[in-house]
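Take a look at the letters that make up each chain.
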Amino acid sequence: MMELPEVITISRQANKELAGKVISQVFMPTNPHRFAFFYGEPESYKPLLTGKRILLVEGSEMFVDIKMDEDTTLSIGDGVRITYGDSQTQIPEKYQLLLAFADNTFLALTITMYGVIFAFKGEIDNIYHQQSFQKVSPLSDAFDENYFLSLFETEKKKLSAKALLASEQRIPGLGNGVLQDILFRAKINPKRKVFTLSAEEKKNLFQVVKSTLKEMTEAGGRSTETDFYGKKGGYESSLSSKTYKDPCPVCGGFIMKEAYMGGSVYYCLYCQPYLK
């Protein structure tokens, strides 16, 4: 799923390719999806977007926002697969939205499990989209150790490490995907209660959050995800659905996979012991 490293990467690439293009046609879903979340009725997207010129594309930690003239925005969130191409590129058979541009290129948005596609004029009444712009980015200087430690002070002590870092977008763009390597590097079990963390462990976790997200972003995203051109990111994920059957890259031990808080978590039984 697209998280902060992919949002930043895709936004930069999309801005390079799409800025200045004019949307000549808008095609509605070929495959209606139960978990495709639109802003308003998707049928309204065709008249809203047709004829618009793209001004710029910017990432906001959780969303890729395509800004157009007439104060119009197309916002792409987590769970959306992007296909960009020209007349020689095969258009996906199934998509939730397809934009055709005047220069014979296209942008197809496809949702597999769940995904967010918002098109709107002006501002949008969606708390997650608002938080993307309002909350402090973990890649910024403002996200310092004091700010990070304040998250522990304002939340319930019984929260788990996963809940604190990757739920309710306390840290925008940090989701269940990037969480796995962060906790692995910090040697913290995802189910461990945050009140059991020592001051030194919290300090180390802060440094790992900053350094890991920076490394992932500079590498163009994770190897488990694709960028605007459909290429895998350069950061090789240590723990993911594609690697958990391998031995731990640090100790050679067994990697656990468990369902936890609405998603899978992966952790090494030895490097990340569960301390109650």
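Relevant structure appears above.
Reading guide: rules and limits
Residues numbered from 1 in each chain as written. Predicted model: local features only at pLDDT ≥ 70, side-chain atom pairs only at ≥ 80, totals over all residues. Heavy atoms only, no water. Core = buried A, V, L, I, M, F, W, Y, C linked by side-chain atoms within 4.5 Å. Buried < 20%, exposed > 50% of the residue type's maximum accessible area, 1.4 Å probe, protein only. Helix = DSSP H or I, 4+ residues; strand = E, 2+ residues; numbered from the N terminus. Contact = heavy atoms within 4.5 Å. Pairing = 2+ DSSP bridges. Axes fitted to C-alpha atoms, helices over the stretch in contact; angles between N-to-C directions.

Enquirer: When you look at the nonpolar core in this model, what are you seeing that I'm missing?
Expert: Buried together is how nonpolar side chains tend to be arranged in soluble globular proteins. Grouped together as the largest cluster of nonpolar side chains are 31 residues, with contacts concentrated most on Leu18, Leu49, Leu74 and Leu107. Looking at this core element by element, the count peaks at four residues for helix H1 (residues 4-18). The contacts of Leu74, once residues within four sequence positions are left out, are Leu49, Val64, Asp65, Ile66, Met68, Leu97, Leu99, Leu109, Ile117, Phe118 and Ala119.

Enquirer: In this structure, what is going on with the sheet that holds strand S2 (residues 36-38)? I would like to understand it.
Expert: Within a sheet, each strand pairs with its neighbour through backbone hydrogen bonds, oriented either parallel or antiparallel. An order of S2-S9-S5-S4-S3 is seen for the five strands of this open sheet, with the pairing classed as mixed. Looking at the sheet topology across the chains shown, the edges are occupied by S2 and strand S3 (54-59). Adjacent strand axes in the sheet meet at a mean angle of 15 degrees, parallel and antiparallel pairs treated alike. Two strands pair when backbone bridges link them, and S3 and strand S4 (residues 64-68) are joined in this way by five bridges, in the antiparallel orientation. Counted as the bridge partner of Leu56 is Lys67 from S4. Contacts between H1 and the sheet are confined to S3 and S4, with S3 contributing the most and set at about 165 degrees to the helix.

Enquirer: How should the sheet that holds strand S6 (residues 80-85) be read in this particular structure?
Expert: One open sheet accounts for four strands, arranged S1-S7-S8-S6; its pairing is antiparallel. A strand with exactly one partner marks an edge of an open sheet, and here the two such strands are strand S1 (23-27) and S6. The mean inter-strand angle of the sheet, taken between neighbouring strand axes irrespective of direction, is 15 degrees. Here strand S7 (residues 97-101) pairs with strand S8 (residues 106-111) via four bridges, running antiparallel. Residue pairing across strands places Leu98 opposite Ala108, the latter belonging to S8.

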